[in-house]
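An overview of the molecular structure
Below, each chain spelled out in residue letters.
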Amino acid sequence: MNAQLDAIDRQILELLQEDSRITIKSMSEILKLSATPVFERIKKLEKNGYIKKYVALLNERKLGLKQVIFINLTLKEHTRSYLEKFVKEVKEFPEVIECYRITGNFDFLIKVLVEDIESYETFILTKLSLLSNLGNVQSHIALSESKNSTKIKLK
C-alpha cells in the first residue's frame, strides 16, 4: 500500500468503493470529521490518481446481456505496430469489455459480453474474425459467475 495514504484516506476509499454516491455529510459522520477535510481529502485522492473515475455498475442481465465469454488470442505478427493496431481495433468493439496482454501460450485475453451464443457467433463472424493479424482463438464460455467485484482490498 502506498505510504502516502493514511488510515482516513483508506477509510474514504473503502466507503467510496462501497457506494460512490455517498454524500460528504454521511462520510464525515462515519469518519467523525467535519465535511471540509473529507471533501479536501477526496479532491486530493482524485488529483493524485487514487480515484480514477466514478461509474454506475449496471445489471447486465436486466439489459439482456447474459453471456460472458473469455477469449484467448494469439497474433500472427508481434511487432509494436501490429500489437497497437490490434488493441485499437478491439477497443472499438462494444462487446469487448476487458482486454489484457498476457504471458504464456496466448498474447491476449479478452472478455466479451453478449446477449447469447447466437450474438457471440455474429460477433466472431462479423468483427473478430475480420482482424487481419489474428492467429489462434480459443473461446471459453462462462457457465455461471462465482465472484465479480470491483472492490480493491486496502491494507
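Residues numbered from 1 in each chain as written. Predicted model: local features only at pLDDT ≥ 70, side-chain atom pairs only at ≥ 80, totals over all residues. Heavy atoms only, no water.

Structural notes on unusual backbone geometry
One non-glycine residue, Lys32, lies in positive phi territory at about 60°. With respect to the helices and strands, the residue Lys32 is situated in the loop between helix 2 (24–31) and helix 3 (35–47). The exposed category is assigned to Lys32, whose relative accessible area is 72%. (Helix = DSSP H or I, 4+ residues; strand = E, 2+ residues; numbered from the N terminus. Buried < 20%, exposed > 50% of the residue type's maximum accessible area, 1.4 Å probe, protein only.)

A short note on the packing of helix 1 (residues 7–18) against helix 3
Across the interface, helix 1 lies against helix 3 with an axial gap of 10 Å and an inter-helix angle of 80°. As summarised for this structure, helix 1 and helix 3 are arranged roughly perpendicular, according to the angle between their axes. Contacts from Ile8, Asp9, Ile12, Leu13 and Leu16 of helix 1 reach helix 3 at Val38, Arg41, Ile42 and Leu45. Residue composition of the contact of helix 1 with helix 3, by class: seven nonpolar, no polar and two charged. (Axes fitted to C-alpha atoms, helices over the stretch in contact; angles between N-to-C directions. Parallel < 35°, antiparallel > 145°, perpendicular 65-115°, else oblique. Contact = heavy atoms within 4.5 Å. Nonpolar A, V, L, I, M, F, W, Y, C, P; charged D, E, K, R; others polar.)

A word on the sheet that holds strand 1 (residues 67–75)
Taken in spatial order, the four strands line up as 2-3-1-4 in an open sheet, and their pairing is antiparallel. With partners counted over all chains shown, the strands left at the sheet margins are strand 2 (96–101) and strand 4 (134–141), one partner each. Each neighbouring strand pair of the sheet contributes to a mean axis angle of 20°, computed without reference to strand direction. Strand direction decides the pairing type here: strand 1 and strand 4, joined by six bridges, are antiparallel. The residue bridging Asn72 from the neighbouring strand is Gln138, located in strand 4. Packing of helix 4 (residues 80–91) onto the sheet brings it into contact with strand 1, strand 2, strand 3 (108–114) and strand 4, and relative to strand 3 it is tilted by some 10°. (Pairing = 2+ DSSP bridges.)

A closer look at helix 2
An α-helix turns once per 3.6 residues; consequently, residues spaced three or four apart project the same way. For helix 2, every residue scored as buried is listed here: Met27, Ser28 and Leu31. Burial along helix 2 is one-sided: seen end-on, the buried residues are contained in an arc of 100°. Considering only its buried residues, helix 2 is in contact with helix 1 and helix 3. Following helix 2 by one or two positions, Lys32 adopts a phi angle in the positive range, close to 60°. (Arc of directions from axis to C-beta.)

Without other data, these values stay purely geometric and don't point to any function.
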